[in-house]
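# Survey of secondary and tertiary structure
Residue-level listing of the chains:
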Amino acid sequence: MIDFHTHRLDATDAIISLQPTNAADIIASRPHGTYSVGIHPWDTTAPADTDFDTVARLASLPQVVAIGETGLDRLRGADIATQELLFEQHIQLSETLRKPLIIHCVKAWDILLELHRRHRPSMPWGVHGFRGNPALARQLLDKGLYLSLGQHFNPATAALIPDHRLLAETDESSLPITAIAALINTHRSTPAPLATTLTTFLTP
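Overview of the structure. Quick caveat, the model's predicted, so the values are computed rather than measured. (Residues numbered from 1 in each chain as written. Predicted model: local features only at pLDDT ≥ 70, side-chain atom pairs only at ≥ 80, totals over all residues. Heavy atoms only, no water.)

## Concerning the side chain of Ser-94
Basically, it comes down to this: Counting from the N terminus, the helices are the DSSP runs of H or I reaching at least four residues and the strands are the DSSP runs of E reaching at least two. What makes two residues a contact is simply this: any of their non-hydrogen atoms within 4.5 Å.
With respect to the helices and strands, Ser-94 occurs in helix H3 (residues 80-97). Discounting residues that sit within four places of it in the chain, Ser-94 has contacts with Ile-67, Lys-99, Pro-100, Leu-101 and Met-123.

## So, the nonpolar core
Note the following rule: Nonpolar cores were defined as sets of buried Ala, Val, Leu, Ile, Met, Phe, Trp, Tyr and Cys residues, with membership established by side-chain atoms within 4.5 Å. Throughout this description, buried means an accessible area under 20% of the type-specific maximum (1.4 Å probe, protein chains only), exposed means over 50%, and partly exposed covers the range between.
The biggest cluster of nonpolar side chains holds 51 residues, and the ones touching the most others in it are Phe-87, Leu-112, Trp-125, Phe-130 and Leu-140. Ranked by residues supplied to this core, first place goes to helix H4 (residues 109-119) with five residues. Core analysis: the next-biggest nonpolar cluster, separate from the first, contains nine residues, Phe-4, Tyr-146, Phe-201 and Leu-202 among them.

## Section: the pattern of salt bridges
We apply this condition: One speaks of a salt bridge when a side-chain nitrogen belonging to Lys or Arg is within 4 Å of a carboxyl oxygen belonging to Asp or Glu.
Throughout the structure, instances matching the rule amount to six salt bridges. Here Glu-114 and Arg-117 are joined by a salt bridge, their closest N and O atoms 2.6 Å apart. Placement of the pair is Glu-114 and Arg-117 together in helix H4, with a separation of three residues, close to one helical turn. Here Arg-188 makes a salt bridge to Asp-163, at a shortest N to O gap of 2.6 Å. Pair noted here: Arg-188 is in the loop between helix H7 (177-185) and helix H8 (194-202) and Asp-163 is in the loop between helix H6 (155-160) and strand S8 (166-168), with a separation of 25 residues, a long-range link.

And the structure:
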């Protein structure tokens, strides 16, 4: 398995990202899948979609290997203070269940880094769909975060991420993960061992 994050419900050998509103039915219908569960920051304005008790219950299932996607987005969703409080609940759940965290972050890197400093998590954090420049990538890598690249990414950033912190994902792309991995590797001196890195992320 090398696909770190996808929304394709029929995906195999991938971590399928689910929201709490429909996750129970999906997991029941496909019990052999591999999933993550969390509240996306875009959904934080709708009370029905912010049932954290449901997230916590589903996250304890063995098919759920990670918490998320969750995170911070200054362009969409509830006010950033509300998002931050909910994100901290996901951090605590990640630590309690000892399952890594899958993060969505848009224009809130300062808050993300501060929360990482404050909580000092023992479980890995992985930023999905990272498109940032090398300077931002270095800040996150220096704090121990994993970076996942999708179909669109900064080539200079792809070149500098160490093998043991680089992940790949389809997210909502129509391309297969093998094509995305090949695209990433065209910007690297040697092919990245994406399957090994994902295994490390999931079993720290």
